[in-house]
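What follows is each chain in one-letter form.
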Amino acid sequence: MKTTARITWAAASARRLERQFLAISPAAPGAPLADVVGAMLAAHAQVLSAAEVSVGVRADAGVTRADVRAALWGAERSLVKTYGPRGTVHLLPARDLPLWCAALPAVPTGPPLPPPGARLTGERAGQVVTAIGEALDGVHLTIDELGEEVVARTGPWAGDPVMPAFQGMWPRWRQVMHRAGQAGALCFGPNRGRKVTYTRPPHFVPLPPERALRTLVRRYLHAYGPAAPHHFAKWLAAPAGWATRLFGELAAAGEIEEVLFEGAPAWVVDGDTDFPEEPARGVRLLPYFDAYAIAAQPRELLFPGAARQRALARGQAGNFPVLLVDGVVAGVWHQRRRGRRTTVTVEPLGRLTARQERELGERAARVGAVLEAEAELVVGEVTVGPHA
């Protein structure tokens, strides 16, 4: 009979950092950026510069934001910027689109937000997604250009201004943009001046949905395990009961196994119970909504003590860039760019050792290098609020 493994936070944290390319050494020399993003599963990219830092601090020392953008929009197109987990914008490895575009539509969601008279459902929603994919095939369109194409391919009903947005109303078709992204019909293109453009990612055949979901669970546990079903559900913004049933199916099939993580039941991929003996060491600067800060659980151990009050916003992670010391959040930071220089202000929540202070200087310089700027480190209070 198999003995239930007992995993400590220190061991789990050390392994997660290694697998996230956040240990003392970054990614293996020459690791493709798609491998770096794949190790995170996805890089949050609502603000592209934050995604560039997430990728850059994990990659080779010479990698800059220009390399990330080349991977997105150059000839290789190894990365795709599209709608990912939680319906938010992420960078995904292009090779993983068959997985994501099968798994995400299969994740249960909450009730639709638009009122019944404005809502796009069933056949018409599918018509809009198809029209988006056809309109974007081989071209880059702004949102207005795309809207004209969608209305021309579907009907005037798609252009009805029924969705409250900022100081105006958006057309009906825009409520399924995230669905088009998750279906592989849409992704972001390079900006045209100040305007965002959209295009279609390379064509692919999605995996069967059940296979995709099971694969996604295993990949999540490889990167962030041990984890419980409600941790996976929180990461996807999915119902906890659905995640519990999904984990149960994988456990019954022998694909995952139960362990005790800090005394509580959790799961890892079957057989994946080797963990480092040494605890995590080192200082890292992680940007807004970095995948590690969002997906690693339990959050009360990742954000201990004062970090819970200072670095979370009503319990939500990602609103502040965080200082990571020995695998836990130990401060916040902010960078302000002026031309070719950027000031990186770091607010530690405790006293740093001389070694940690030296390492912090190196990490600030690395953030500047990723953003193609010369960084000046200031240790002091961060006076801006979340999302600043």
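Scroll up to find the structure.
These remarks concern the structure in this document. Everything quoted here is computed from the prediction, not taken from an experiment. (Residues numbered from 1 in each chain as written. Predicted model: local features only at pLDDT ≥ 70, side-chain atom pairs only at ≥ 80, totals over all residues. Heavy atoms only, no water.)

Some points on the pattern of salt bridges
Logical step 1: This structure, assessed with the given rule, holds 19 salt bridges.
Logical step 2: Arg 65 is the partner of Glu 372 in a salt bridge, and the nearest nitrogen-oxygen pair spans 2.8 Å. Of this pair, Glu 372 sits in the loop between α15 (354-370) and β16 (374-379) while Arg 65 sits in helix α4 (residues 65-73), placing them 307 residues apart in sequence.
Logical step 3: Classification of Glu 372 as partly exposed rests on a relative accessible area of 28%.
Logical step 4: Note that Arg 355 is salt-bridged to Glu 359, the shortest N-O span being 3.3 Å. Of the two residues, Arg 355 and Glu 359 both sit in helix α15, 4 residues apart, roughly one turn of that helix.
Logical step 5: Owing to a relative accessible area of 38%, Arg 355 belongs among the partly exposed residues under this scheme.
Logical step 6: Beyond isolated ion pairs, a larger network of salt bridges with shared partners links Glu 210, Arg 214, Arg 218 and Glu 255. (Salt bridge = Lys/Arg side-chain N within 4 Å of Asp/Glu carboxyl O. Helix = DSSP H or I, 4+ residues; strand = E, 2+ residues; numbered from the N terminus. Buried < 20%, exposed > 50% of the residue type's maximum accessible area, 1.4 Å probe, protein only.)

Section: helix α10 (residues 229-236)
Owing to its 3.6 residues per turn, the α-helix brings residues three or four apart onto one side.
Logical step 1: In terms of burial, α10 is a largely internal element, 6 of the 8 residues being buried.
Logical step 2: When we look at burial in α10, the residues that qualify are Pro 229, His 231, Phe 232, Ala 233, Trp 235 and Leu 236.
Logical step 3: Elements in contact with the buried residues of α10: α5 (97-103), α9 (209-224), α11 (240-252), β11 (264-269) and α12 (291-295). (Contact = heavy atoms within 4.5 Å.)

Let's talk about the sheet that holds strand β1 (residues 6-7)
Logical step 1: Reading across from one edge, β1-β10-β11 is the order of the 3 strands in this open sheet, with mixed pairing throughout. Since the sheet does not close on itself, it has two edges, and those belong to β1 and β11, each with one partner.
Logical step 2: Judged from the 2 bridges that link them, β1 and strand β10 (residues 256-261) form a sheet pairing that is parallel. Note on β10: the bridge partner recorded for Arg 6 is Leu 260. (Pairing = 2+ DSSP bridges.)

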